[in-house]
Amino acid sequence: SQQGEEDPQALSIQEGENATMNCSYKTSINNLQWYRQNSGRGLVHLILIRSNEREKHSGRLRVTLDTSKKSSSLLITASRAADTASYFCATPQGGSEKLVFGKGTKLTVNP
Amino acid sequence: DGGITQSPKYLFRKEGQNVTLSCEQNLNHDAMYWYRQDPGQGLRLIYYSQIVNDFQKGDIAEGYSVSREKKESFPLTVTSAQKNPTAFYLCASSIGVGQGTYEQYFGPGTRLTVT
């Protein structure tokens, strides 16, 4: 029942650089969410973007949504070592109450 | 201090034994969820509950059971019927359900190892 799929699977950058992660999904959605997971911890909600929104900002995070291409991107600007984590997109599964998570992008920010 | 607690953080069991993972929330959320996470697999939904005394199977419910006797609590039992129980288990809650609209709040997880 995989809905969202993140790309790339892994990303390694230097502190201060920007990091971009992408998410593609298969069916129409009314919203898309991004979560962060530090190693061995629970997930933390970052942003929810609705289908009628094209872009949303939260601090150093910028999320875009292109419903025509069924894709979303998460941009982290001026990355820090503390941003090292896995990032997941999550979408509703086919009109049900369930949220389906992708396999995630593992981001490493080197100091 | 509101949030979701899971206990214990690490759990070790022998094959053939049932084991119950605890999940408690004080956020007054109606909906609660159990996910399993394996390396490289992302999160897979085991069970979810929208209201007390009601729950639904997720994508990988076989070998698991749950109960929802109180709004705050949603324990997960991993039975001996689960073929590959070793995994990281995450509990989550949200204000409600409905088209995946609500953000989910996650507990810190329980890492279960069965040998």
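Residue positions are given per chain, counted from 1 along the sequence in the order it is written. For naming, the first written chain is A and the first written ligand is 1, with later ones following in the order written. In keeping with the predicted nature of the model, local features appear solely for residues at pLDDT of at least 70, side-chain atom pairs appear and are counted solely at 80 or more, and the whole-chain, interface and lining totals rest on all residues. Working from all heavy atoms in the structure, the side-chain values ignore hydrogens and water.

Volume-wise, the largest pocket comes out at about 710 Å³. Only protein atoms enter the 1 Å grid used here, on which a cavity is any set of points holding a 1.4 Å probe that cannot leave and a pocket is any open set flanked by protein within 12 Å on both sides along at least five of seven lines; residues with an atom within 4 Å of a point are listed as lining. Lining the largest pocket are 28 residues, with S86 and F88 of chain A together with Q37, P39 and G40 of chain B positioned closest to its centre. Helix and strand definitions follow DSSP, with helices as H or I runs of at least four residues and strands as E runs of at least two, each counted in order from the N terminus. Mapped onto the lining of the largest pocket, the elements with two or more residues apiece are β1 (5–7), β9 (85–92) and β11 (105–110) of chain A together with β4 (31–38) and β9 (87–94) of chain B. Tallied by class, residues from the lining of the largest pocket come to 6 nonpolar, 16 polar and 6 charged. Grid points are joined across faces, edges and corners, and a volume is the space filled by probe spheres set on the points. Here the second largest pocket defines a volume of roughly 240 Å³. Think of it as three bins: nonpolar holds Ala, Val, Leu, Ile, Met, Phe, Trp, Tyr, Cys and Pro, charged holds Asp, Glu, Lys and Arg, and polar takes everything else, Gly as well.

Throughout this description, the term nonpolar core refers to a set of buried Ala, Val, Leu, Ile, Met, Phe, Trp, Tyr and Cys residues connected via side-chain atoms within 4.5 Å. Only protein chains enter the area calculation, which uses a 1.4 Å probe; residues under 20% of their type maximum are buried, those over 50% are exposed, and those in between are partly exposed. Counting residues in hydrophobic clusters, the biggest one holds 22 residues, and the most contacted among them are M21, L32, W34, L74, I76, Y87 and L107 of chain A. Only β2 (10–14), β3 (19–24), β4 (31–37), β5 (43–50), β7 (61–66), β8 (71–76), β9 and β11 of chain A provide two or more residues apiece to this core. In this structure, L11, C23, Y89 and V114 of chain B belong to the second largest nonpolar core, which totals 20 residues.

Turning next to the sheet that holds β8 of chain A. Residue and element names in this part refer to chain A. A pair of strands is treated as paired once DSSP finds two or more bridges between them. Read from one edge of the open sheet, 5 strands run β1-β3-β8-β7-β6, paired in antiparallel fashion. Each of the sheet's edge strands pairs with one partner strand only, and the pair in question is β1 and β6 (55–58). Going from strand to strand, the sheet's axes swing by 20 degrees on average, the running direction of each strand aside. As paired strands, β7 and β8 are joined by 6 bridges and run antiparallel to one another. Within the sheet, the bridge partner assigned to L61 lies in β8 and is I76. Angles shown run from 0 to 180 degrees and are taken between the N-to-C directions of axes, each axis being a line fitted to C-alpha atoms and, for helices, limited to the stretch in contact.

The rule is short: rings of Phe, Tyr and Trp, with Trp giving its six-membered ring, pair when the centres are within 6.5 Å, and they are stacked under 30 degrees, edge-to-face over 60, tilted in between. Applying the stated criterion across every chain yields a total of 9 aromatic pairs over all chains. With a centroid separation of 5.4 Å and an interplanar angle of 85 degrees, the aromatic rings of F101 of chain A and Y35 of chain B are classed as edge-to-face. Of this pair, F101 of chain A sits in strand β10 (residues 99–101) while Y35 of chain B sits in strand β4, placing the two residues on different chains. The rings of Y35 and F101 of chain A together with Y33, Y35, Y48 and F106 of chain B are connected pair by pair, giving a single aromatic cluster. The side chain of R68 of chain B reaches across the aromatic face of F74 of chain B, ending 6.0 Å from its centre. Counted as over-ring charges are cases with an Arg CZ or a Lys NZ within 6 Å of the ring centre that also lie within 35 degrees of the ring normal.

To continue, consider the interface of chain B and chain A. Should any heavy atoms of two residues lie within 4.5 Å, those residues are considered in contact. Across the contact, 25 residues belong to chain B and 24 residues belong to chain A. Interface area for chain B against chain A, summed over the two sides, is near 1900 Å², with a carbon-plus-sulfur share of 48%. The salt bridge criterion pairs a side-chain nitrogen of Lys or Arg with a carboxyl oxygen of Asp or Glu, the two atoms within 4 Å. Between D59 of chain B and K98 of chain A there is a salt bridge, with the nearest N and O atoms lying 3.7 Å from each other. Under the rule applied, a polar contact is a pair of N or O atoms within 3.5 Å (in protein, one hydrogen donor and one hydrogen acceptor; residues adjacent in sequence only if both atoms are side-chain atoms). Here chain B is connected to chain A by 3 residue pairs in polar contact (both at pLDDT 80 or more). Those elements that provide at least two residues to the side of chain B that touches chain A are β4, β5 (42–51) and β9 of chain B. Broken down by element, the residue count for the side of chain B that touches chain A peaks at 5 residues, all from β5 of chain B. We define buried area as the total accessible area lost by two parts upon association, computed with a 1.4 Å probe and summed across both.

The next point concerns the sheet that holds strand β7 (residues 64–66) of chain B. Backbone hydrogen bonds are what pair the strands of a sheet, in a parallel or an antiparallel way. Residue and element names in this part refer to chain B. If you trace the 4 strands from one edge of the open sheet to the other, you get β1-β3-β8-β7, paired in antiparallel fashion. Because the sheet does not close on itself, it has two edges, and the strands there are β1 (4–7) and β7. Strand-to-strand, the axes of this sheet are offset by a mean angle of 20 degrees, without reference to chain direction. One ladder, built from 3 bridges, connects β7 with strand β8 (residues 76–78); its direction is antiparallel. Of the residues in β8, the one forming a bridge with V66 is L76.

Keep in mind these values describe shape, not function.
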